[in-house]
Amino acid sequence: MLVAPSVLSADFGNLERDVKAICDAGCDLVHVDVMDGHFVPNLTIGPVVVSAIAKAATKPLDIHLMVENNTFFVDLFAPLKPGYISFHIEEEKNPHRLVQYIRSLGIKPAIVLNPHTPAEAVEYLLNDVDMVLVMSVNPGFGGQSFIPTVVEKIKRLKALRDMINPDCLIEIDGGVSDKNIAMLKEAGVDVCVAGSYVFKHDSYETAISNLHI
Ligand code: DX5
Ligand code: ZN
């Protein structure tokens with residue numbers, strides 16, 4: 001299991017310290033939640049702050065766009081050379097084109113599914129993406145409860161992924177902790193995002209190693 005702590009739960013007054021600390025504590029990716037106040041009822045950070053995160057990080061950024069006008073935001077963040085950029089399929093009229101565009105910028109493309117969106121929505125995109133991110137909360141806020149019906153979706157997605165593109169990773173985001181990580185791994189998750197669980201823990205190292213199963 002790869003671990004991607006979500007910086008949304010970091011102390012923004014000490015962002016550099018916290019980003020360095022999760023990287024030193026052994027995380028695999030640094031998950032960055034970009035919200036525009038339109039696609040989701042919350043507003044987070046733009047390129048000025050994300051570039052400060054990129055400067056502090058020693059692990060690749062995993063930028064999760066929760067925005068309208070995806071292409072505009074891809075162009076804003078591409079110069080920071082993130083490892084992944086993911087966008088919500090619910091907000092994109094031409095997801096296949098955007099996947100190709102992200103790849104043409106030298107960034108790994110990923111697609112996000114909201115809790116109500118079926119696994120089959122990505123069936124004909126699986127060949128072209130490096131990761132599918134399954135939301136296990138409604139996007140917008142850290143610290144929400146895990147939605148259990150998502151486990152069934154992960155299993156369906158894993159079956160499709162194994163058949164179509166075994167190299168594509170399955171990532172989960174929302175309500176992840178040491179309590180449900182074993183069950184998520186069993187269902188087929190390869191990468192977990194964890195915000196409040198990691199940043200509220202006394203030791204980032206212990207929290208990350210508890211998820212590294
Ligand atoms: C929610 C974000 C998540 C969030 C996860 O919209 O995409 O990345 O920070 O936070 P936790 O792990 O606290 O549910
Ligand atoms: Zn996220």
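For clarity, every value in this text was computed on a predicted model and none was experimentally measured.

S.K.: Describe the site of ligand 1, listing the residues and the values that go with them.
M.R.: Neighbouring residues of ligand 1: 20 residues in total, closest Gly140, Gly143, Asp173, Gly195 and Ser196. Here an oxygen atom of ligand 1 sits 2.8 Å away from a polar atom, N or O, in the side chain of aspartate 33. Between ligand 1 and glycine 140 there is a distance of 2.7 Å, counted from an oxygen atom to a backbone nitrogen or oxygen. When isolated, ligand 1 has an accessible area of 380 Å², and the protein chains bury 100% of it. The site holding ligand 1 turns out to be the largest pocket. Those elements giving two or more residues to the shell around ligand 1 turn out to be β2 (30–35), β3 (61–66) and β8 (191–194). Among the residues making up the shell around ligand 1, the classes are represented as 8 nonpolar, 10 polar and 2 charged.

S.K.: For the pairing of strand β6 (residues 131–135), give the residues involved together with the corresponding values.
M.R.: Moving residue by residue along a regular strand, the side chains alternate between the two faces of the sheet. Counting buried residues along β6, 5 of its 5 residues qualify, which places the element largely inside the surrounding structure. In β6, alternate side chains face the same way, and those of Met131, Leu133 and Met135 on one face and Val132 and Val134 on the other are all buried. As defined by bridge partners, strand β5 (residues 108–113) adjoins β6 across 4 bridges and the pair is classed as parallel. In the strand pairing of β6, isoleucine 111 is matched with valine 132. Pairing between β6 and strand β7 (residues 169–173): 5 bridges, direction parallel. For valine 134, the partnering residue across the bridge sits in β7 and is isoleucine 172. Where the polypeptide runs from β6 across helix α5 (residues 150–164) and back to β7, its parallel neighbour, the crossover connection is right-handed.

S.K.: Report on the coordination of the zinc ion (ligand 2), specifying residues and quantitative values.
M.R.: Surrounding the zinc ion (ligand 2) are the protein donor atoms His31 (NE2), Asp33 (OD), His64 (ND1) and Asp173 (OD), at 2.0 to 2.3 Å. Here the zinc ion (ligand 2) is ringed by 6 donor atoms whose angles at the metal span 70 to 169°, and the overall shape comes out octahedral. Written as a sequence motif, the donor residues of the zinc ion (ligand 2) are H-x1-D-x30-H-x108-D. One end of the pair, histidine 31, is in strand β2; the other, histidine 64, is in strand β3, with 33 residues separating them in the sequence. Of the two residues, histidine 31 and histidine 64, both sit in the buried class.

S.K.: Hey, could you go over unusual backbone geometry for me, with residue numbers and the actual values?
M.R.: Positive phi, close to 55°, is recorded for asparagine 69, a residue that is not glycine. Secondary-structure assignment places asparagine 69 in the loop between β3 and α3 (70–77). Look at lysine 81: it is not a glycine, yet its phi comes out positive at around 55°. Residue placement: lysine 81 occurs in the loop between α3 and β4 (84–88). Since its relative accessible area comes to 61%, lysine 81 is described here as exposed.

About the cut-offs
Residues numbered from 1 in each chain as written. Chains lettered and ligands numbered in written order. Predicted model: local features only at pLDDT ≥ 70, side-chain atom pairs only at ≥ 80, totals over all residues. Heavy atoms only, no water. Near = heavy atom within 4 Å. Polar contact = N/O pair within 3.5 Å; in protein donor to acceptor, adjacent residues only side chain to side chain. Areas by Shrake-Rupley, 256 points an atom, 1.4 Å probe, with all protein chains shown as cover. 1 Å grid on protein atoms, 1.4 Å probe; cavity = no way out; pocket = protein on both sides within 12 Å on 5 of 7 lines; lining within 4 Å. Sits in = over half its atoms within 2 Å of the grid points. Helix = DSSP H or I, 4+ residues; strand = E, 2+ residues; numbered from the N terminus. Nonpolar A, V, L, I, M, F, W, Y, C, P; charged D, E, K, R; others polar. Buried < 20%, exposed > 50% of the residue type's maximum accessible area, 1.4 Å probe, protein only. Pairing = 2+ DSSP bridges. Right-handed = clockwise from strand over helix to strand, strands pointing away. Donors = N, O, S within 2.8 Å, 3.2 Å for Na, K, Ca; no water. Tetrahedral: all angles 85-135°; square planar, octahedral: opposite > 155°, others 65-115°.

Read these as spatial facts, not as claims about activity.
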